[in-house]
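# A closer look at the structure
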Amino acid sequence: MSKLAKDAAAFKSTLQRQDYTSWHSQPKPSTSSSAAPSSSAGAGLAIAGESPNAGSKKKRPKTNIVYSQPADTGTGNNINTQLVYAVNHLKSTPNPMRLQDLAIVTSTPLDTDPLLLEKFKAHDRIQWDPKTDLYSYKHEYSFRNKAALLTEIQRQTRKGGGISVRALKESWKEAPQAIEELEKEGEVLVTRTVKDGQLRMVFWNEIKPTENSGGAPVEKEFHDLWHSLKVPNDVDLLKQLASEGLQVTAAETVVPKAPAGKKKGKKGGAPRQRQVRITNTHLKGEIDLHYAAAHAK
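What comes next is a walk through the structure. As the structure is a prediction and not an experimental result, all values here were calculated from the model. (Residues numbered from 1 in each chain as written. Predicted model: local features only at pLDDT ≥ 70, side-chain atom pairs only at ≥ 80, totals over all residues. Heavy atoms only, no water.)

## Some words on the overall build of the chain
Of regular secondary structure, the chain possesses eleven helices and five strands. Across the 297 residues in the chain, those meeting the buried criterion constitute 18%. By sequence separation, contacts in the chain at least 24 residues apart represent 42% of the contacts at least 6 residues apart. Roughly 25600 Å² of accessible area belongs to the chain as shown, and the carbon and sulfur atoms make up 54% of that amount. (Helix = DSSP H or I, 4+ residues; strand = E, 2+ residues; numbered from the N terminus. Buried < 20%, exposed > 50% of the residue type's maximum accessible area, 1.4 Å probe, protein only. Contact = heavy atoms within 4.5 Å. Areas by Shrake-Rupley, 256 points an atom, 1.4 Å probe, with all protein chains shown as cover.)

## A closer look at the packing of helix H3 (residues 79–92) against helix H5 (residues 114–121)
One can describe the packing of H3 onto H5 by two numbers: an axis separation of 10 Å at closest approach and a directional angle of 45°. Compared by their axis directions, H3 and H5 come out oblique. In the crossing of H3 with H5, the sense of the turn from one axis to the other is right-handed. Along its contact with H3, which presents Ile79, Asn80, Gln82, Leu83, Ala86, Val87 and Leu90, the element H5 presents Leu115, Leu116, Lys119 and Phe120. (Axes fitted to C-alpha atoms, helices over the stretch in contact; angles between N-to-C directions. Parallel < 35°, antiparallel > 145°, perpendicular 65-115°, else oblique. Left-handed = near helix turned anticlockwise from the far one by under 90°.)

## Quick word on the packing of H3 against helix H4 (residues 99–106)
Their axes nearest at 10 Å, the elements H3 and H4 cross at an angle of 110°. Put simply, H3 runs roughly perpendicular to H4. For H3 against H4, the interelement crossing comes out right-handed. Across the interface between the two elements, Tyr85, Ala86 and His89 of H3 pack against Leu102, Val105 and Thr106 of H4. Looking at side-chain class alone, the contact of H3 with H4 contains four nonpolar, two polar and no charged residues. (Nonpolar A, V, L, I, M, F, W, Y, C, P; charged D, E, K, R; others polar.)

## Some thoughts on the layout of surface pockets
Sizing a probe to match a water molecule and rolling it over the atoms shows the empty space that remains. What the second largest pocket holds in volume is close to 200 Å³. The set of elements that each furnish at least two residues to the lining of the second largest pocket consists of H3 and helix H7 (165–171). Ranked by the residues each element gives to the lining of the second largest pocket, the list is headed by H7, at three residues. The residue makeup of the lining of the second largest pocket, split by class, is two nonpolar, four polar and five charged. (1 Å grid on protein atoms, 1.4 Å probe; cavity = no way out; pocket = protein on both sides within 12 Å on 5 of 7 lines; lining within 4 Å. Points joined across faces, edges and corners; volume = space filled by probe spheres on them.)

## Quick word on the pairing of strand S4 (residues 188–192)
Two strands pair when backbone bridges link them, and S4 and strand S5 (residues 199–204) are joined in this way by five bridges, in the antiparallel orientation. Paired with Val188 across the two strands is Trp204, which belongs to S5. (Pairing = 2+ DSSP bridges.)

## A short note on H5
Turning to H5, its buried residues number three or more, namely Leu116, Leu117 and Phe120. Down the axis of H5, the sector holding all buried residues measures 100°, keeping them to one side. Exposed positions of H5 whose direction lies more than 90 degrees from the buried face are Pro114 and Glu118. Tucked inside the fold, the buried residues of H5 contact H3, H4, strand S1 (126–129) and strand S2 (134–137). (Arc of directions from axis to C-beta.)

## Section: the pattern of salt bridges
Scanning the model with the defined rule gives seven salt bridges in all. A salt bridge links Lys91 to Glu170, with the shortest nitrogen-to-oxygen separation between them at 3.8 Å. Separated by 79 residues along the polypeptide, Lys91 in helix H3 and Glu170 in helix H7 bring together distant segments of the chain. Residue Glu170 is classed as partly exposed on the basis of its relative accessible area, which comes to 42%. With a shortest N-O distance of 3.0 Å, Asp224 and Lys220 are connected by a salt bridge. (Salt bridge = Lys/Arg side-chain N within 4 Å of Asp/Glu carboxyl O.)

Here it is, written out as structure tokens:
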């Protein structure tokens, strides 16, 4: 018998003779076959400086679910909700669609619910071609290229106003890119948002930036001088106006008229005439009794 086997036998006999006097010193019941491997494994982990139960904890899987937001339940069962889904999808599609295809894509019973189909056809933005049986969305503008876009901008500018870039984008998704190209060419004038510089309104540039047409761009020096001017506040503005011999134009204040009150004890309207009973009938024929009664009041 080798020395290692002798040491193991002596260790086991020592454990059998041990007198456990307290409850917490009692060893856990285990089978003889599994006690030795587990104790040796625990001793190995203890020597390595690791806890035996370090790898037994299961990590909770991470989820990307945001429980504060309502879950997307689809198109729902309300007929008006289904109508909005169908109209919005057709709005985002540049080409006409069959009713069956639209019902499948939007998961709405357009082809089976007659009431929903009736409301869908009666929508003011839905166009139906009876020859092809196709449905399309009626946009506010019907252009599909840069030349037609410029024509529409010119037409609106002649009426005295520009066009919202958002409305143009709804009609044609490539409208913002075309507008930027037209701006570089000097065909249109564009206003942008202050925060992020996004396109906001577009106008037709009637005066082209050329020497012959009189629309040459202003030099940068004058641009800098113009933007360097600052409007003073209200107090300083009054002082500067007074130093130049000017004064602020005051708006005329309208004095409200007092309502005309009615006199107490008198009712409005024309006085009512009382009928006089004529008793002097023996004078009839000689004088006008009605005339005399009227002047006797």
